Amino acid sequence: MDSVFSNVVRAPEDPILGVTVAYNNDPSPAKLNLGVGAYRTEEGKPLVLDVVRRAEQQLVNDPSRVKEYIPIAGLADFNKLSAKLILGADSPAIQESRVATIQCLSGTGSLRVGAEFLKKHYHQSVIFIPKPTWGNHPKVFNLAGLSVEYYRYYDPATRGLGFHGLLEDLGAAPSGAIVLLHACAHNPTGVDPTSEQWEQIRQLIRSKSLLPFFDSAYQGFASGSLDTDAHSVRTFVADGGECLIAQSYAKNMGLYGERVGALSIVCKSSDVASKVESQVKLVVRPMYSSPPIHGASIVATILKSSDMYNDWTIELKGMADRIISMRQQLFEALQAKGTPGDWSHIIKQIGMFTFTGLNKEQVAFMTKEFHIYMTSDGRISMAGLSSKTVPHLVEAIHAAVTRVA
Amino acid sequence: MKTNDFSSSTSPSDRRIGALFRHLTAGTDADRVSSVFASPTSGGAGGSVFAHLVQAPEDAILGVTIAYNKDPSPIKLNLGVGAYRTEEGKPLVLNVVRKAEQQLINDRSRIKEYLPIVGLVEFNKLSAKLILGADSPAIRENRVTTVECLSGTGSLRVGGEFLARHYHQKTIYIPQPTWGNHPKIFTLAGLSVKTYRYYDPSTRGLNFQGLLEDLGAAPQGSIVLLHACAHNPTGVDPTLEQWEQIRKLMRSKGLMPFFDSAYQGFASGSLDTDAKPIRMFVADGGELLVAQSYAKNMGLYGERVGALSIVCKAADVAGRVESQLKLVIRPMYSNPPIHGASIVAVILRDRNLFNEWTLELKAMADRIISMRKQLFEALRARGTPGDWTHIIKQIGMFTFTGLNPAQVSYMTKEYHIYMTSDGRISMAGLSSKTVPHLADAIHAVVTKAL
């Protein structure tokens, strides 16, 4: 008898994760992985923050700790501390108990839970996402039951923000539509609005009652300052309006595989926030019952200790500074080489990724001839670069730009 | 790149943007740039877009512990949620788990990178061996795909979504009664849920006739949820002979088995015994799904460790199925958590740690079996009316007492004993010290005309 799954077709490899798969298969000793966005040290190694190791030691060596189920909404102090981190300790929304915060599985889990909640309870089921955006965004929202539309964002001509198109597209969105906003360090382009532009975006969104859904995956990691990177989110909250925020600790605490994040929903009143929280639990329970204890406990340990918190901000700034330094080095090396084109976007863009502007053919050429791996949209992870490997990348870019159309 | 005010800029494109912006925000306070506040939608001025939401009821099972925590009485007893308690009434972290965790934490070469979408590969292989048996032909023939998921719930949800997308039948039959979260998981996964008769209140045992009739009447190819052992909430399991009949019936109708295995080793004390029904189905060469949880048998509750295995007819099919499972997982949470699965892998791969685990596991199972005996004997000693043999016939963490909601309510109010309103008690929550209190309460409520 035949398999009942004989008709199942082989799904393509995830395009982003597939880059690392291809990289691992490459036998060349000079290969460079600029694919997936995980931080690498100057030595090209993954990094576990010292403060994370300390917090973990503290937890595991505490014989009174147990592994009971945590509540459906997650660890209560993790939730409170996460809301404070993104909204600011003095946020009126927090003081007025208007924020429902639920521990979720990193950024992806927070987006999915938030989207399923909106599908169930919000009057509009369309979400506008920037073009381009992280490859997984449309899938998360589609599976949550929302329909996905795009707003213009990246301008290839300037390798910067297409602000005009953004305003037009959001201006044309139906009243009440949900809008996905990258809080900082837009992925994949690294192009962020200025604070003046953010202010105009905010006014437009509020005037049309669009519902902001922030994806905050890089707080502190982009500029090196937790407050600076939260600014866009905080200006929206300061106007008294409502919004959703998906917060990830994958990059800024290096907790990638522990899957730690939080969904916060800022509401008009504490009564509404309480009802919202109760309804979000009905989304979580049939998905995985309750979130994992370990990563959230590490975060809570760090955030609640002023010493550990300070140590964290220093290590965080260390990572951000190294990335900014890689941008500087790459830009200067391309200039020194006289590579044709304007490469200033490398130092204007922010965060882990640079949208090089290289096309698919050029990317394929760089992979084949120089064993440099990146996503086919020309996105490179600066975190994957080091002073030693910048020259190799520059050779490759120069060759691609001069030899491949 | 930065400008302060588009309208006063000399750049033509900035002035155009300024004009566009004023146009798009016309009719609001656009002139006072810093004072635009959020507008309402169709609600009243300043209204929340979530104002219409109702407060969701507390989860029925977890709500029991919440109520228990609020009770100020010094002699209260929590027999609600199914988490193991020691004889001292305390939660238990297994020694072998603490050892494994120390080993992991003290290894400075360990990192926290993303796992693959399918999870920790070694964990997956070891989990398949644990449930199917190390010598399973299905494993040898590479016909099994195993993906790490978030405990039992996550495995059921991912499996359910996969079936809703790729399987030709979208109905799943679940036993009556079953764990309260089952219907919600499958409904949200996109399946429609029907029930098959299971528990017989008059015998407090299995309604085997009803079960066979209902599965016999199910449409060809329907999915059927089976509790691998220690049925939750009733503790009533089919005998091996009954399992064989169920297997034959299901295979004859092409029904797709979806096993929920939350208590392997925890029910009888033996990992192999508790896996027998699943292995019988795999041995006939057919296909099935199994959701595996390490919450109870390794005490890893809050770490959320589990695995979904799909046994297929051929290795090629298993490969394609796995690739599609990744498309379910990636938009849900990208990849699973590393910590709990690493603990499990350390234990399962090491012969000494594995043996230690089996001893601690058996001790938990034995303590629960001992509580069953003690409760049964305490009721007998009191001459409590009724047949209470189901307490020792049922297996696993829970006993379906047969008490009705009014009786349960009375026991909570008068004796501060907390359980779910269906009369389910967690034997893991009992101890030799508290059995008398429970027996007294049951005796009182049964002899009162309620």
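Residue positions are counted from 1 within each chain, in the order its sequence is given. A letter from A marks each chain and a number from 1 marks each ligand, given out in the order of writing. A pLDDT threshold of at least 70 governs which residues receive local features in this predicted model, and a stricter bar of 80 or more applies before side-chain atom pairs are shown or counted, although totals over entire chains, interfaces and linings include all residues. The basis for every side-chain value is the complete set of heavy atoms in the structure, and neither hydrogens nor water enter the calculation.

Details of helix H4 (residues 121-132) of chain B
Residues and elements named next belong to chain B.
(1) Moving on: Where helices and strands are cited, they refer to DSSP runs of H or I of at least four residues and of E of at least two residues respectively, numbered from the N terminus. What a helix should span is 1.5 Å times the count of its residues minus one. With 12 residues, H4 should cover 16 Å at 1.5 Å per step; its first-to-last C-alpha distance of 17 Å lies within 8% of that length.
(2) Moving on: Exposure classes here rest on a 1.4 Å probe applied to the protein chains alone. A residue is buried below 20% of its type maximum, exposed above 50%, and partly exposed in between. Turning to H4, its buried residues number three or more, namely Phe 123, Asn 124, Leu 126, Ser 127, Ala 128, Leu 130, Ile 131 and Leu 132.
(3) Moving on: Gly 133 sits one or two residues past H4 and shows a positive phi near 95°.

Regarding the interface of chain B and chain A
(1) Moving on: In what follows, a contact means two residues having at least one pair of non-hydrogen atoms within 4.5 Å. With 102 residues of chain B at the interface, the matching set in chain A holds 99 residues.
(2) Moving on: A quick way to say it: buried area is the sum, across both parts, of accessible area lost when two parts are put together, with a 1.4 Å probe. Here chain B packs against chain A, burying approximately 8900 Å² in sum over the two surfaces, 59% of which is carbon and sulfur.
(3) Moving on: Ranking the residues of chain B by area buried against chain A places Phe 50, Lys 112 and Tyr 114 of chain B at the top, with a combined share of 10%.
(4) Moving on: Whenever a carboxyl oxygen of Asp or Glu lies within 4 Å of a side-chain nitrogen of Lys or Arg, that contact is scored as a salt bridge. Viewed at the interface, chain A and chain B are joined by 12 salt bridges.
(5) Moving on: For this analysis, a polar contact is any N or O atom pair within 3.5 Å, provided that within protein one partner can donate a hydrogen and the other can accept it, and provided that sequence-adjacent residues contribute only side-chain to side-chain pairs. Across the chain B-chain A interface, the total number found is 47 residue pairs in polar contact (both at pLDDT 80 or more).
(6) Moving on: Within the side of chain B that touches chain A, the residues separate by chemical class into 52 nonpolar, 26 polar and 24 charged. In this count, Pro and Cys sit with the nonpolar residues alongside Ala, Val, Leu, Ile, Met, Phe, Trp and Tyr, while Asp, Glu, Lys and Arg are called charged and the others, Gly among them, polar.

Brief notes about the pattern of salt bridges
All names here are of chain A.
(1) Moving on: Taken as a whole and assessed by the stated rule, the structure comprises 43 salt bridges over all chains.
(2) Moving on: A salt bridge links Lys 304 to Asp 77; the nearest nitrogen and oxygen atoms lie 3.1 Å apart. Of the two residues, Lys 304 is situated in helix H12 (residues 293-304) and Asp 77 in helix H3 (residues 76-87); the sequence distance between them amounts to 227 residues.
(3) Moving on: Classification of Lys 304 as exposed rests on a relative accessible area of 53%.

Focus on the sheet that holds strand E7 (residues 223-227) of chain B
Adjacent strands of a sheet pair through backbone hydrogen bonds, lying either parallel or antiparallel.
Residue and element names in this part refer to chain B.
(1) Moving on: Here we have 7 strands laid out as an open sheet, ordered E2-E10-E9-E8-E7-E3-E4, and mixed in their pairing. Each end of this open sheet is capped by a strand with a single partner; those strands are strand E2 (144-149) and strand E4 (192-197). Pairs of neighbouring strands in the sheet enclose a mean axial angle of 25°, with direction left out of account.
(2) Moving on: At least two DSSP bridges between two strands are needed for those strands to be called paired. Strand direction decides the pairing type here: E2 and strand E10 (residues 306-311), joined by 6 bridges, are antiparallel. Note that in E10 the partner of Glu 148 across the bridge is Ala 307. For every element, the axis is a line fit to its C-alpha atoms; helices are fit only across the contacting stretch, and the angle between N-to-C directions ranges from 0 to 180 degrees.

Concerning the pairing of strand E8 (residues 211-216) of chain A
Residues and elements named next belong to chain A.
(1) Moving on: In terms of burial, E8 is a largely internal element, 6 of the 6 residues being buried.
(2) Moving on: Burial of the side chains of E8 extends over both faces: Leu 211, Phe 213 and Asp 215 are buried on one face and Pro 212, Phe 214 and Ser 216 on the other.
(3) Moving on: Two strands pair when backbone bridges link them, and strand E7 (residues 178-182) and E8 are joined in this way by 5 bridges, in the parallel orientation. Looking at E8, one finds that Leu 181 is bridged to Phe 214.
(4) Moving on: A crossover connection joins E7 to the parallel E8 through helix H8 (residues 195-207); in handedness this β-α-β unit is right-handed.
(5) Moving on: Bridging between E8 and strand E9 (residues 243-248) involves 4 bridges; their strand directions are parallel. Residue pairing across strands places Ser 216 opposite Gln 247, the latter belonging to E9. Crossover handedness is defined here as right-handed if the route from the first strand over the helix to the second strand goes clockwise, with the strands pointing away from the viewer.

Points about the packing of helix H15 (residues 360-370) of chain A against helix H16 (residues 390-403) of chain A
All names here are of chain A.
(1) Moving on: Packing of H15 against H16 brings their axes to within 9 Å, and their N-to-C directions diverge by 130°. By the angle between their directions, the pair H15 and H16 is classed as oblique. Here the hand of the crossing between H15 and H16 comes out right-handed. Here H15 contributes Gln 362, Phe 365, Met 366 and Phe 370 to the contact with H16, which in turn contributes His 392, Leu 393, Glu 395, Ala 396, Ile 397, Ala 399, Ala 400, Val 401 and Arg 403.
(2) Moving on: Broken down by class, the residue content of the contact of H15 with H16 amounts to 9 nonpolar, 2 polar and 2 charged. Just so you know how the angles are binned, under 35 degrees is roughly parallel, over 145 roughly antiparallel, 65 to 115 roughly perpendicular, and the rest oblique. By definition, any crossing whose near helix is turned counterclockwise from its far helix by less than a right angle is left-handed, and any crossing with a clockwise turn is right-handed.

Some remarks on the confidence of the model for chain B
Residues and elements named next belong to chain B.
(1) Moving on: Values of pLDDT, ranging from 0 to 100, describe the predictor's confidence in every residue of the model. Within chain B, residue pLDDT values average 91, and 92% of them lie at 70 or more.
(2) Moving on: Taken as a whole, residues 1-8 scores under 50 in pLDDT and shows 15 contacts with residues more than four places along the chain or in a different chain.
(3) Moving on: Note that residues 27-45 has pLDDT below 50 and, in this model, 31 contacts with residues that lie over four places away or in other chains.

Describing the domain arrangement of chain B
All names here are of chain B.
(1) Moving on: Per the domain assignment, the segments making up chain B are domain 1 (61-92 + 363-447) and domain 2 (114-349).
(2) Moving on: The largest per-residue losses of area from domain 1 upon contact with domain 2 belong to Ile 395, Phe 398 and Phe 400, which jointly make up 33% of the total buried on that side.
(3) Moving on: Inspection of the region where domain 1 meets domain 2 yields 0 salt bridges.
(4) Moving on: At the surface where domain 1 touches domain 2, the tally comes to 6 residue pairs in polar contact (both at pLDDT 80 or more).
(5) Moving on: Mapped onto the side of domain 1 that touches domain 2, the elements with two or more residues apiece are helix H13 (351-382) and strand E11 (398-400).
(6) Moving on: It is H13 that provides the largest number of residues to the side of domain 1 that touches domain 2, a total of 4 residues.
(7) Moving on: Taken together, the residues that form the side of domain 1 that touches domain 2 break down as 12 nonpolar, 7 polar and 3 charged. Per the annotation, domain bounds derive from an automatic or database assignment of domains.

Remarks on the sheet that holds strand E10 (residues 261-266) of chain A
Residues and elements named next belong to chain A.
(1) Moving on: Taking strand neighbours across the sheet as the criterion, the 7 strands line up as E2-E10-E9-E8-E7-E3-E4 in an open arrangement whose pairing is mixed. Bordering the open sheet on either side are strand E2 (99-104) and strand E4 (147-152), each of which pairs with just one other strand. Going from strand to strand, the sheet's axes swing by 25° on average, the running direction of each strand aside.
(2) Moving on: Here helix H5 (residues 106-121) sits on the sheet in contact with E2, E7, E8, E9 and E10, set at roughly 155° to E9.
(3) Moving on: Packing of helix H11 (residues 270-288) onto the sheet brings it into contact with E2 and E10, and relative to E2 it is tilted by some 15°.

Structural notes on unusual backbone geometry
(1) Moving on: Lys 131 of chain A connects to Pro 132 of chain A through a cis peptide bond whose omega is 0°.
(2) Moving on: Each neighbour pair has its own omega, and for Gln 176 of chain B with Pro 177 of chain B the value is 0°, a cis peptide bond.
(3) Moving on: Tracing the backbone through its elements, the reader meets Pro 177 of chain B in the loop between strand E3 (171-176) and helix H7 (182-189).
(4) Moving on: Notably, Ser 334 of chain B is not glycine yet its phi reads approximately 75°, a positive angle.
(5) Moving on: Counting through the fold element by element, Ser 334 of chain B comes out in the loop between helix H11 (315-333) and helix H12 (338-349).

Here's the deal with the nonpolar core
(1) Moving on: Remark: nonpolar core denotes a set of buried residues (Ala, Val, Leu, Ile, Met, Phe, Trp, Tyr, Cys) joined through side-chain atoms within 4.5 Å. Ranked by internal contacts, the top residues of the largest apolar core, which has 78 residues, are Phe 5, Phe 141, Phe 213 and Val 276 of chain A together with Phe 50 and Phe 258 of chain B.
(2) Moving on: Non-local contacts of Phe 50 of chain B, meaning those with residues more than four positions away in its chain, are made with Phe 117, Leu 118, Tyr 122, Leu 211, Glu 242, Leu 244, Ile 265, Val 272 and Val 276 of chain A.
(3) Moving on: Counting 68 residues, the second-largest nonpolar core is a separate cluster that includes Ile 298, Leu 303, Met 352 and Leu 393 of chain A.

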